[in-house]
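Per-entry structural report
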Amino acid sequence: MKQLIFLFSVLLMTQASAADDLMQDNEGMLKAKAKELTKKYGAELGLQANQTAQFEEIVLGYMTKKAKAKKLNVSEVDKNGIIGQLGEQENEDMADLLSKGQYKKYLKAKATLQP
């Protein structure tokens, strides 16, 4: 009986570890994509050094939220609505961070960089 409990515990820990590894890999990919997008936007918008870190943080945060939304067990219509709302919130956060001129350039660049 003890062996059965031990075996079950080992199997359970192995699955939990695999799930954590998958989440960490996904998070690493999102960080790399956020960094790459920030570089592209930086060239388009002329981001200042203090803006770059905040910009990347905002991009990563919304990429993570959108990835989680895509995995929700809801209808496609609801997923698209959630993702649309996240896009609007992201725009609002960017408007707070960027100057008016940068924000206008951001909206134009977003259409091509993040379709």
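Residues numbered from 1 in each chain as written. Predicted model: local features only at pLDDT ≥ 70, side-chain atom pairs only at ≥ 80, totals over all residues. Heavy atoms only, no water.

Examining the packing of helix H3 (residues 76-97) against helix H4 (residues 100-113)
Following both chains from N to C, one finds H3 and H4 inclined at 150°, their axes separated by 10 Å at the closest point. As summarised for this structure, H3 and H4 are arranged roughly antiparallel, according to the angle between their axes. Two packed elements cross with a definite hand, and for H3 against H4 that hand is right-handed. On H4, the residues that touch Gly-87, Glu-90, Asn-91, Met-94 and Ala-95 of H3 are Tyr-103, Tyr-106, Leu-107 and Lys-110. (Axes fitted to C-alpha atoms, helices over the stretch in contact; angles between N-to-C directions. Helix = DSSP H or I, 4+ residues; strand = E, 2+ residues; numbered from the N terminus. Parallel < 35°, antiparallel > 145°, perpendicular 65-115°, else oblique. Left-handed = near helix turned anticlockwise from the far one by under 90°. Contact = heavy atoms within 4.5 Å.)

Some thoughts on the packing of aromatic side chains
Within the structure shown, the criterion is met by 4 aromatic pairs. Ring geometry for Phe-55 and Tyr-106: centres 6.0 Å apart, planes at 85°, overall edge-to-face. Taken together, the positions of Phe-55 in helix H2 (residues 49-70) and Tyr-106 in helix H4 put the pair 51 residues apart, joining distant regions of the chain. As far as burial versus exposure is concerned, Phe-55 and Tyr-106 are alike and both buried. (Phe/Tyr/Trp six-rings, centres within 6.5 Å; stacked < 30°, edge-to-face > 60°. Buried < 20%, exposed > 50% of the residue type's maximum accessible area, 1.4 Å probe, protein only.)

As for a negative patch on the surface
On the surface, Glu-88, Glu-92, Asp-93 and Asp-96 cluster together into a patch of negative charge. Here Glu-88 shows up in helix H3. Take Glu-88: its relative accessible area is 53%, and that puts it in the exposed class. (Patch = residues over 30% accessible without salt bridge, like charges linked within 9 Å, V, L, I, M, F, W, Y side chains within 5 Å. Areas by Shrake-Rupley, 256 points an atom, 1.4 Å probe, with all protein chains shown as cover. Salt bridge = Lys/Arg side-chain N within 4 Å of Asp/Glu carboxyl O. Lys, Arg positive; Asp, Glu negative; His and termini not counted. Charge placed at Lys NZ, Arg CZ, Asp CG, Glu CD.)

Considerations on the pattern of salt bridges
Counted according to the given criterion, the structure contains 5 salt bridges. Glu-36 serves as the salt-bridge partner of Lys-40, at 3.3 Å between the closest nitrogen and oxygen. Of this pair, Lys-40 and Glu-36 both sit in helix H1 (residues 2-45), 4 residues apart, which is roughly one turn of that helix. Judged by its relative accessible area of 44%, Glu-36 is partly exposed. Of the charged contacts in the structure, one is a salt bridge between Glu-90 and Lys-66, with a shortest N-O distance of 3.1 Å.

Quick word on the nonpolar core
Counting residues in each nonpolar core, the largest one holds 18 residues, and the members touching the most others are Tyr-41, Leu-45, Phe-55, Val-59, Met-94, Leu-98 and Tyr-106. Elements supplying a minimum of two residues to this core: H1, H2, H3 and H4. The dominant element in this core, judged by the number of residues it contributes, is H2, at 6 residues. Setting aside residues up to four positions removed in sequence, Val-59 forms contacts with Ala-34, Leu-37, Glu-90 and Met-94. (Core = buried A, V, L, I, M, F, W, Y, C linked by side-chain atoms within 4.5 Å.)

Focus: H3
Over its 22 residues, H3 extends 31 Å from the first C-alpha to the last, a length consistent with the 32 Å expected when each residue adds 1.5 Å. Buried residues along H3 sit in contact with H2 and H4. (Expected span 1.5 Å × (residues − 1).)

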